[in-house]
Amino acid sequence: MTHRTTFGKSAPKAFKALIGFDAAARAGLDPALVELVQIRTAQLNRCAYCLHIHTSDARKAGESEERLHMVAVWHEAANFFSEQERAALALTDAVTLISAAGVPDDVYARAAGQFGEEELAQLLAVIFAGNTWNRIAITTAKVPGTDERAAA
């Protein structure tokens, strides 16, 4: 493979802005829920680098191995997740795979029924941030199993 840019070093202002956006998006949300959403986003985008980071972060936030294994099949394993978590995961699927069918009204309404308006906006921001980080990691060929956040 040819050399790929190190985004944080090559575009430091954009990188710092994304870090700030990510932090602002997470504010006020349950850290475990944020990690479930980030895991699902990474799964859908096939971002092994981010999946590794967010499963590690989810464990630190108190997530069980059992639930982490079920995120990929959350539709079939609904009993592992609360209604609020299922609504967040459904919204994550719709937003991440937006080109397939947009964000259906029923999916949005389900999430809106579980989250207040500000919390829903925060959740959307987490989904947007996760998708952005996935695209950066995939495009710049980040190596799964490493964590370059501290080096940035």
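Just so we're clear, the structure is a prediction, and the values are computed from it rather than from any experiment.

Re the overall build of the chain
Looking only at helices and strands, the chain features nine helices and zero strands. For the chain, the succession of helices and strands along the chain, N to C, is α-α-α-α-α-α-α-α-α. Against the globule reference of 15 Å for 152 residues, the chain gives a C-alpha radius of gyration of 15 Å, in line with a compact fold. Taken along its principal axes, the extent of the C-alpha atoms in the chain is 45 × 30 × 30 Å. For the chain, with 152 residues in total, the buried portion stands at 41%. In the chain, the share of contacts with a sequence separation of at least 24, taken over all contacts with a separation of at least 6, comes to 68%. As displayed, the chain offers around 8,200 Å² of accessible surface, 58% of which is attributable to carbon and sulfur atoms.

A few points about the packing of aromatic side chains
For the coordinates displayed, the defined rule picks out two aromatic pairs. Judged by centre distance (6.3 Å) and plane angle (70 degrees), the ring pair of Phe-7 and Phe-15 falls under edge-to-face.

Things to note about the state of the cysteines
Within this structure, the stated rule accounts for zero disulfides. The thiol sulfur of Cys-47 is not disulfide-bonded, and the nearest other cysteine sulfur, from Cys-50, lies at 3.3 Å. For Cys-47, a relative accessible area of 1% translates into the label buried.

Points about the nonpolar core
Membership of the largest hydrophobic core comes to 27 residues, with the highest contact counts inside it found for Val-37, Leu-91 and Leu-123. Secondary-structure elements contributing two or more residues to this core are helix 3 (31-45), helix 6 (83-96), helix 8 (105-114) and helix 9 (117-139). Once you skip the residues sitting within four places of it in the chain, Leu-91 turns out to touch Val-103, Val-107, Tyr-108, Ala-111, Leu-120, Leu-123, Leu-124 and Ile-127. Residues Ala-42, Tyr-49, Cys-50 and Ala-137 belong to the second largest nonpolar core, which totals six residues.

Points about the packing of helix 6 against helix 9
Where helix 6 meets helix 9, the closest approach of the two axes is 10 Å, and the angle between their N-to-C directions is 45 degrees. Between helix 6 and helix 9, the interaxial angle falls into the category oblique. Between helix 6 and helix 9 lies a crossing whose hand is right-handed. Where helix 6 approaches helix 9, its residues Gln-84, Ala-88, Leu-91, Thr-92, Val-95 and Thr-96 are matched on the opposing element by Glu-119, Leu-120, Leu-123, Leu-124, Ile-127, Phe-128, Asn-131 and Arg-135. Residue composition of the contact of helix 6 with helix 9, grouped by class: eight nonpolar, four polar and two charged.

Regarding the pattern of salt bridges
A side chain with one charge can pair with a side chain of the opposite charge if their charged atoms come near. Tallied over the entire structure, the rule returns eight salt bridges. A salt bridge links Glu-35 to Arg-26; the shortest N-O distance between them is 3.0 Å. A relative accessible area of 5% means that Glu-35 is categorised as buried. When the shortest N-O distance is used, the salt bridge between Arg-67 and Glu-63 registers 2.7 Å. Across the pair, Glu-63 and Arg-67 agree in class, each one buried. Three or more residues are tied together by salt bridges with common partners; here these are Asp-22, Arg-26 and Glu-35.

Considering helix 4 (residues 48-60)
The end-to-end C-alpha distance of helix 4 is 19 Å, a good match for the 18 Å that 13 residues give at a rise of 1.5 Å each. For helix 4, the elements touching its buried residues are helix 2 (12-26), helix 3, helix 5 (65-70) and helix 9. Of the residues one or two after helix 4, Gly-62 is the one with positive phi, at around 100 degrees.

Rules used throughout
- Residues numbered from 1 in each chain as written.
- Predicted model: local features only at pLDDT ≥ 70, side-chain atom pairs only at ≥ 80, totals over all residues.
- Heavy atoms only, no water.
- Helix = DSSP H or I, 4+ residues; strand = E, 2+ residues; numbered from the N terminus.
- Rg over C-alpha atoms; globule rule 2.2 N^0.38 Å.
- Buried < 20%, exposed > 50% of the residue type's maximum accessible area, 1.4 Å probe, protein only.
- Contact = heavy atoms within 4.5 Å.
- Areas by Shrake-Rupley, 256 points an atom, 1.4 Å probe, with all protein chains shown as cover.
- Phe/Tyr/Trp six-rings, centres within 6.5 Å; stacked < 30°, edge-to-face > 60°.
- Disulfide = S-S within 2.5 Å.
- Core = buried A, V, L, I, M, F, W, Y, C linked by side-chain atoms within 4.5 Å.
- Axes fitted to C-alpha atoms, helices over the stretch in contact; angles between N-to-C directions.
- Parallel < 35°, antiparallel > 145°, perpendicular 65-115°, else oblique.
- Left-handed = near helix turned anticlockwise from the far one by under 90°.
- Nonpolar A, V, L, I, M, F, W, Y, C, P; charged D, E, K, R; others polar.
- Salt bridge = Lys/Arg side-chain N within 4 Å of Asp/Glu carboxyl O.
- Expected span 1.5 Å × (residues − 1).

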